[in-house]
Amino acid sequence: QVQLVESGGGSVQAGGSLTLSCACTASGSIFGTYAMAWFRQAPGNQRELVATISSGHIIYYSDSVKGRFTISRDNAKNTVYLQMNRLKPDDTAVYYCAAKRALRVTYDYWGQGTQVTVSS
């Protein structure tokens, strides 16, 4: 059973930075084949895709975070990161890590989420 464990959430003032980490229990060779993503969900809102990184390191960002957030992965550590800079109160949400096996359309595995709170 593959598990994803997020860490790095917390409270920060607007303009500050946080780095989220997501550790995957899959073996290194398998982790490298997964597409990874960060989603977020604010109270009362639907879950929103924030960023993705493919097994080939192709990256996508939502317009709301482009230029402020950076997604990366370290296959040697089975970990994906989300560096968040110039945070805004609108970034306040629970952030979830997700993994998708090759050729799958939907994400197969999800973390438990980590809270990010940005105060003005």
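Structure first, text after, so check above.
All figures in this text were calculated on a predicted structure; none of them were measured in a lab.

Enquirer: Would you mind going over the environment of tyrosine 107 with me for this structure?
Expert: As for its position among the elements, tyrosine 107 is in the loop between strand E9 (93-100) and strand E10 (109-110). By relative accessible area, which is 18% here, tyrosine 107 ends up buried. Sequence spacing of tyrosine 107 and alanine 37 is 70 residues, and the spatial spacing of their C-alpha atoms is 8.6 Å. Setting aside anything within four residues of it in sequence, one finds tyrosine 107 in contact with Ala35, Met36, Ala37, Phe39, Thr52, Ala98, Ala99 and Lys100.

Enquirer: Sorry if this is basic, but what is going on with the pairing of strand E8 (residues 79-84) here?
Expert: Regular strands place their side chains on alternate faces of the sheet. Bridge analysis of strand E3 (residues 18-24) against E8 gives six bridges, and the strand direction is antiparallel. Bridging across to E8, leucine 20 finds its partner in leucine 82. Pairing of strand E7 (residues 69-74) with E8 involves six bridges; the strand directions are antiparallel. Across the sheet, serine 72 pairs through a bridge with tyrosine 81, a residue of E8. Counted along the chain from E7 to the antiparallel partner E8, the turn is four residues long, and its residue asparagine 78 has a positive phi close to 55°.

Enquirer: Looking at this model, I keep getting lost on the pattern of salt bridges. Mind explaining?
Expert: If the charged atoms of two oppositely charged side chains come close together, the side chains can form a pair. Counted under the stated rule, the structure contains six salt bridges. For lysine 66, the salt bridge is made with aspartate 63, and the minimal N-O distance between the two is 3.3 Å. Each of the two residues, lysine 66 as well as aspartate 63, counts as exposed. A salt bridge links arginine 68 to aspartate 91; its shortest N-O distance comes to 2.7 Å. Highlighted residues: arginine 68 in the loop between strand E6 (59-61) and E7 and aspartate 91 in the loop between E8 and E9, separated in sequence by 23 residues. This pair shows no difference in class: arginine 68 is buried, exactly as aspartate 91 is. Several salt bridges converge on common partners, so that one network encompasses Arg40, Glu48, Arg68 and Asp91.

Enquirer: Whenever I open this one, the nonpolar core confuses me. Can you help?
Expert: A general trend in soluble globular proteins is that nonpolar side chains are found buried together. Among the nonpolar cores identified, the biggest contains 31 residues, and Tyr34, Met36, Trp38, Leu82, Met84 and Tyr95 are the most heavily contacted of them. Listing elements by their share of this core, those giving two or more residues are E3, strand E4 (35-41), strand E5 (48-53), E7, E8, E9 and strand E11 (114-119).

Reading the values: rules and limits
- Residues numbered from 1 in each chain as written.
- Predicted model: local features only at pLDDT ≥ 70, side-chain atom pairs only at ≥ 80, totals over all residues.
- Heavy atoms only, no water.
- Helix = DSSP H or I, 4+ residues; strand = E, 2+ residues; numbered from the N terminus.
- Buried < 20%, exposed > 50% of the residue type's maximum accessible area, 1.4 Å probe, protein only.
- Contact = heavy atoms within 4.5 Å.
- Pairing = 2+ DSSP bridges.
- Salt bridge = Lys/Arg side-chain N within 4 Å of Asp/Glu carboxyl O.
- Core = buried A, V, L, I, M, F, W, Y, C linked by side-chain atoms within 4.5 Å.

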